[in-house]
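Listed below, chain by chain, are the residues.
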Amino acid sequence: GKIKLDALKYCVSGGAAMPYEIKTNFEKDAPCSVTEGYGLSETSPIATANPVGEEPRLLNDKINSIGLPVPNTVIEIVDENDSAQLMPMGERGEIAISGPQVMQGYWARPEATAESLQNGRFLTGDIGVMDEDGYTYIVDRKKDMIVSGGENVYSTEVENALYEHPAVLECAAYGVPSEEWGEEVRAAVVLSADATAEALKEHCRAHLAGYKVPKQIELLSELPKTGSG
């Protein structure tokens, strides 16, 4: 039978962005919205959070954001190639964090520390955009970008297209070296219902530019994960 959720006051999700479909389906039956936070081990670990709401915010245009900075924390969007340069509102760049929760450095790794801590800010490696209300949206990981035929392909965009298919439970898009393209786009998919790799490619063709469609889709029983999921 159905689980009763009416005693819930708030729900928090972290670790990775909750797929939009799962969030909205949960909120149809829950009396509260799912609050998502964002941070890294290097920020002890929280830096931003969405406001806690008593009612589901299904139509809220901030639903895909990582929210607002937590107290005493500054979030800035800096140029991907020059961290001293701030990006204008609404333009993409690397998310930089400053605040009391930011680490002093990596133990016995001065080079990695110098790379990550610049101009008094911690460079997250996440690419984001901030809107005029101060809400930040993650577009991708800096290192997850695939360069195929001279075109930038962001893995998150490919994964979001795959998640639109009803049979896709989990997926990961990535680049592999290619003599012809420099890198080619591939994807690994875990299914929740029957579907073929070719059907998933067809689905991607309807949602993505041709150069972003995975050349190969591998169907797996599960995706390999780290200890933290």
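The coordinates are above.
Let us look at the structure shown here. (Residues numbered from 1 in each chain as written. Predicted model: local features only at pLDDT ≥ 70, side-chain atom pairs only at ≥ 80, totals over all residues. Heavy atoms only, no water.)

Attention shifts here to the side chain of Ser65. Along the chain, Ser65 falls in the loop between strand 3 (48-49) and strand 4 (68-69). Its relative accessible area of 3% is what places Ser65 among the buried residues. Among the polar contacts listed, one links the side chain of Ser65 to the backbone nitrogen of Gly67, at a separation of 3.0 Å. Contacts of Ser65, omitting those with residues within four sequence positions, involve Asn50, Tyr135, Thr136 and Tyr137. (Helix = DSSP H or I, 4+ residues; strand = E, 2+ residues; numbered from the N terminus. Buried < 20%, exposed > 50% of the residue type's maximum accessible area, 1.4 Å probe, protein only. Polar contact = N/O pair within 3.5 Å; in protein donor to acceptor, adjacent residues only side chain to side chain. Contact = heavy atoms within 4.5 Å.)

The strand order across the open sheet formed by three strands is 13-14-15, and the pairing between neighbours is mixed. Every other strand in the sheet has two partners, leaving strand 13 (168-178) and strand 15 (216-220) as the edge strands with one partner each. Geometrically, the sheet is characterised by an average inter-axis angle of 25° between neighbouring strands, direction not taken into account. As judged from the five bridges shared by strand 14 (residues 182-191) and strand 15, these two strands associate in the parallel manner. Within strand 15, the residue paired with Val189 across the bridge is Leu219. Against the sheet, helix 3 (residues 155-163) makes contact with strand 13, strand 14 and strand 15, and its axis sits at roughly 145° relative to strand 13, the strand it touches most. Docked against the sheet, helix 4 (residues 197-207) engages strand 13, strand 14 and strand 15, running at close to 130° with respect to strand 15. (Pairing = 2+ DSSP bridges. Axes fitted to C-alpha atoms, helices over the stretch in contact; angles between N-to-C directions.)

This paragraph deals with the pattern of salt bridges. Using the criterion set out here, one finds 11 salt bridges in the structure. Taking the shortest distance from any N to any O, the salt bridge between Glu94 and Lys142 comes out at 2.8 Å. Taken together, the positions of Glu94 in strand 7 (residues 93-98) and Lys142 in the loop between strand 10 (136-141) and strand 11 (145-148) put the pair 48 residues apart, joining distant regions of the chain. The salt bridge involving Glu184 is made with Arg186; its shortest N-O contact spans 2.9 Å. Note on Glu184: relative accessible area 14%, which makes it buried. For Arg186, a relative accessible area of 24% gives the class partly exposed. Among the charged side chains, a salt-bridge network with shared partners connects Lys62, Asp131 and Asp133. (Salt bridge = Lys/Arg side-chain N within 4 Å of Asp/Glu carboxyl O.)

Here we come to unusual backbone geometry. Residue Ser44 is joined to Pro45 through a cis peptide bond whose omega torsion reads -15°. For Pro45, the position within the fold is in the loop between strand 2 (34-38) and strand 3. In the Ramachandran plot, Ala108 falls in the positive-phi region, its phi being about 60° despite a non-glycine side chain. Among the secondary structure elements, Ala108 is positioned in the loop between strand 7 and helix 2 (110-116). Residues other than glycine seldom take positive phi values, yet Asn119 does so here, at roughly 55°. Among the structural elements, Asn119 can be located in the loop between strand 8 (117-118) and strand 9 (121-130).

Our next topic: the sheet that holds strand 2. Pairing is mixed in the open sheet, where four strands are placed in the order 1-2-3-4. The sheet is open, and its two edges are formed by strand 1 (11-13) and strand 4, each paired on a single side. Pairing geometry for strand 1 and strand 2, over three bridges, is parallel. Bridging across to strand 2, Ser13 finds its partner in Glu36.

It is worth spelling out the packing of aromatic side chains at this point. Scanning the entire structure with this criterion turns up zero aromatic pairs. Looking at Arg109, its charged tip hangs above the ring of Tyr106, at a distance of 5.0 Å from the centre. The ring of Trp181 has Lys215 sitting right over it, with the charged end atom 5.0 Å from the ring centre. (Phe/Tyr/Trp six-rings, centres within 6.5 Å; stacked < 30°, edge-to-face > 60°. Lys NZ or Arg CZ within 6 Å of the ring centre and 35° of its normal.)

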